[in-house]
Amino acid sequence: MEPPVVSSDADLATLACGGDRRAFDELVIRHKMRLFRLARGYVGNNDDAYDVVQEAFVAAWLALPRYKPTKEFLPWLRTITLNKCRDFARRRAVRWRILRIFASEEARPLFSREWDIDAEQEADEAKLARLDQAIAGLPSFYKEPLLLVSIQGLSHKAAADQLNTTAKAIEMRLRRAKQKLAVELSDLIQEG
């Protein structure tokens, strides 16, 4: 059986709502990298972002009976992904509290990292990791607009619609997020 020949998200979403797994798979293929970038910016690393996106797509599949095909599909997926990111952040905070309670000795790396990369690549990776962690460490109030506008490429209005606020509020939150990142990463900014 041939896959459906449909070009719009709306048509695919309608088919998926009717139980067409291939239509949903096509939506996954179309949007997985966009949602991965959003999740990675939120949680701060690839592995956790991959898990969050998988959870988001599973939740989307299960929520299809409640999806209204008159609404745009990608913003609906983004909302689910943001909710899964928030869930992840709450779970991580609880895990850290528990670890701090039960930790009786200094934390040691569980695995040694042996990579065949040069010092320049390692320094670049360290800077990117610091940026990822700084973004992940922002309060969601600032992080979400930053990710939607800077990573997802949404306009201020589209981000405002996604977060149920105004474009002016998005602009203010972006400015403050960038200020917080500038303070957090001031040593990297001065280097580079």
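As the structure is a prediction and not an experimental result, all values here were calculated from the model.

1. Considering the packing of aromatic side chains
Logical step 1: One pass over the structure, following the stated rule, counts six aromatic pairs.
Logical step 2: For the pair Tyr67 and Phe73, a centre-to-centre distance of 5.4 Å together with 80° between the ring planes defines the contact as edge-to-face. Residues Tyr67 and Phe73 agree in their burial class; the two are buried.
Logical step 3: Taken together, the aromatic side chains of Phe24, Phe57 and Trp61 make up a single cluster linked through ring pairs.
Logical step 4: Here the basic side chain of Arg21 rests over the ring of Trp61, its NZ or CZ set 5.3 Å away from the ring centre.
Logical step 5: Over the face of the ring belonging to Tyr42 we find Lys143, whose NZ or CZ atom lies 3.8 Å from the ring centre.

2. A closer look at the layout of surface pockets
Unfilled space is identified by rolling a water-sized probe across the atoms.
Logical step 1: The computed volume of the second largest pocket comes to approximately 360 Å³.
Logical step 2: Lining of the second largest pocket is provided by 14 residues; of these, Lys71, Pro75, Trp76, Thr79 and Ile80 occupy positions nearest its centre.
Logical step 3: Per element, the largest residue contribution to the lining of the second largest pocket is four residues, and it comes from helix H4 (residues 73–102).
Logical step 4: Taken together, the residues of the lining of the second largest pocket break down into six nonpolar, three polar and five charged.

3. Digging into the confidence of the model for the chain
Logical step 1: Averaged over the chain, the pLDDT score is 82; the fraction of residues at 70 or greater is 78%.
Logical step 2: Segment residues 101–116 is flagged for pLDDT under 50; beyond a separation of four residues in sequence, or across chains, it makes one contact in the model.

The rules behind each value
- Residues numbered from 1 in each chain as written.
- Predicted model: local features only at pLDDT ≥ 70, side-chain atom pairs only at ≥ 80, totals over all residues.
- Heavy atoms only, no water.
- Phe/Tyr/Trp six-rings, centres within 6.5 Å; stacked < 30°, edge-to-face > 60°.
- Buried < 20%, exposed > 50% of the residue type's maximum accessible area, 1.4 Å probe, protein only.
- Lys NZ or Arg CZ within 6 Å of the ring centre and 35° of its normal.
- 1 Å grid on protein atoms, 1.4 Å probe; cavity = no way out; pocket = protein on both sides within 12 Å on 5 of 7 lines; lining within 4 Å.
- Points joined across faces, edges and corners; volume = space filled by probe spheres on them.
- Helix = DSSP H or I, 4+ residues; strand = E, 2+ residues; numbered from the N terminus.
- Nonpolar A, V, L, I, M, F, W, Y, C, P; charged D, E, K, R; others polar.
- pLDDT = per-residue confidence, 0-100.
- Contact = heavy atoms within 4.5 Å.

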